[in-house]
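# Structure at a glance
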Amino acid sequence: MNLKSELESMQGRSFLKEADFTPEQIEALIDFGINLKHEKQEKGKVTPYLHDKDIVLLFQKTSTRTRLSFELGGDDLGANTAYIDPTSSQFGKKESVEDSARAFGELADGIEYRGFEQADMETMAKYSGVPVWNGLSNEWHPTQMIADFMTIKENFGHLKGITLAFVGDGRNNVANSLLVCGSMLGVNVHIVAPDSLHPTQEVQDLANVYAKKSGAKPMVTSSIDEGVKNANIVYTDVWVSMGENNWEDRINALLPYQVNMEMMKKTGTPEGQLIFMHCLPAFHDKNTIKGNEAFEKYAQLKTPGMEVTDEVFRSKFGRQFEEAGNRKHSIMAIMAATLGDLNLFKEY
Ligand code: CP
Ligand code: NVA
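Residues numbered from 1 in each chain as written. Chains lettered and ligands numbered in written order. Predicted model: local features only at pLDDT ≥ 70, side-chain atom pairs only at ≥ 80, totals over all residues. Heavy atoms only, no water.

## Points about the environment of Gly325
Inspection of the secondary structure puts Gly325 in helix α14 (residues 320-339). We classify Gly325 as partly exposed; its relative accessible area is 36%. (Helix = DSSP H or I, 4+ residues; strand = E, 2+ residues; numbered from the N terminus. Buried < 20%, exposed > 50% of the residue type's maximum accessible area, 1.4 Å probe, protein only.)

## Comments concerning the pairing of strand β8 (residues 233-236)
Alternating positions in β8 separate into two faces, Ile233 and Tyr235 on one and Val234 and Thr236 on the other, with burial throughout. Bridging between strand β5 (residues 163-167) and β8 involves three bridges; their strand directions are parallel. By the bridge assignment for β8, Leu164 is matched with Ile233. Judged from the four bridges that link them, β8 and strand β9 (residues 275-278) form a sheet pairing that is parallel. Bridging from a neighbouring strand, Tyr235 pairs with Met277 of β9. (Pairing = 2+ DSSP bridges.)

## Some points on the sheet that holds strand β3 (residues 110-114)
Here four strands make up an open sheet; going across it, the order is β2-β1-β3-β4 and the pairing parallel. For this open sheet the edge positions go to β2 (80-84) and β4 (132-134), each flanked by a neighbour on one side alone. Neighbouring strand axes in the sheet, compared pairwise and without regard to direction, differ in orientation by 20° on average. Note that strand β1 (residues 54-59) and β3 share five bridges and pair parallel. Paired with Leu57 across the strands is Glu112, a residue of β3. Across the sheet, α14 lies against β1, β3 and β4, angled at about 155° from β4, the strand it touches most. (Axes fitted to C-alpha atoms, helices over the stretch in contact; angles between N-to-C directions. Contact = heavy atoms within 4.5 Å.)

## Here's the deal with the pattern of salt bridges
Scanning all chains against the criterion turns up 20 salt bridges. Across the salt bridge formed by Arg102 and Glu98, the nearest N and O atoms sit 3.0 Å from each other. Here Arg102 pairs with Glu98, and both are found in helix α4 (residues 97-107), just four residues apart, close to one helical turn. On the basis of relative accessibility, which here comes to 44%, the residue Arg102 falls in the partly exposed class. Classification of Glu98 by relative accessible area gives partly exposed; the value is 29%. In this structure, the salt-bridge partner of Glu244 is Arg250, at a minimum N-O distance of 2.9 Å. A single network of salt bridges, built from pairs that share partners, joins Asp169, Arg171, Glu244 and Arg250. (Salt bridge = Lys/Arg side-chain N within 4 Å of Asp/Glu carboxyl O.)

## A look at helix α8 (residues 201-214)
Its 14 residues give α8 an end-to-end C-alpha distance of 20 Å, which sits within 8% of 20 Å, the value for a rise of 1.5 Å per residue. All of the buried residues along α8 are Val203, Gln204, Ala207, Tyr210, Ala211 and Ser214. Seen from one end, α8 has its buried residues packed into an arc of 130°, which puts them on one side. Those residues of α8 that are exposed and angled more than 90 degrees off the buried face are Gln201, Glu202, Val209, Lys212 and Lys213. Contacts from the buried residues of α8 go to α7 (173-185) and β7 (219-221). (Expected span 1.5 Å × (residues − 1). Arc of directions from axis to C-beta.)

In structure tokens form, the structure reads like this:
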């Protein structure tokens, strides 16, 4: 793969979901993220690919990592960023997605958008006429994927043949993205969830099309034993995503799927070949308002923590903070590939 020409093939494009790009392009973004990380480590700064570009950061849902990555990463690349929070603009309340997109397109060179419906992302891209980067929708979380597979490549040295078991809400944005993106890249993604929380047939079919080409072996199962066997990565996410509120149902359905040490052992994976990942934020103890409220309210939760126990979260397996750090390098790669001056490109 010629990294520079793969990156050039993405110029001017929006990044709304993984399937809009080829597996080679996705891999190029991962490698470019690793390159930018090395450049920063070696030189203390990175090439200003986005010199003087203006970028809107539009958030209809809250964020810590994604916002910081676009703001600080934008800064590193020489761009100006402006943040719009979920409550204090006209967006959605007094102004439609289409009208906002047209205004943003006049005001800025690129738009990060965290929202609800995937269709709104498409509308934003269509009417703004500038690259739009999906910072999370109900259906997909594509910028997270570049950081996640970058973290996996750094930990294992390669992607093909790695097995990732996602255990929990198997039809949320992160699970959908992992299943499809992993299948593009030759990673065997196992979605381990109760029947009621399996990915839609459409998402499974899409993953299977990619898997046929890449050689990946995706699996969707409600059996923990079958799903986590031989996993190199046990991955989980919150049981109730932003925009949802069905805590009791989810706790009842997913408590058996909590990631704990017994589950890590069930993988049977040898020492040094197994890690834990989480896109974060995580409920693993009582030190959050929501986590504590849930622990007080739902007697089913015998110990603090929901999707993962504190023991696993703080164990030698945990790579979740490394993964969080990679959000910035990977988001810089996405912005620079689609909007940056690639004449400046140099490999590190
Ligand atoms: N993983 C992730 O998207 O984190 P934030 O919600 O903090 O942006
Ligand atoms: N599934 C989670 C991911 C948070 C980064 C949510 O949508 O809230």
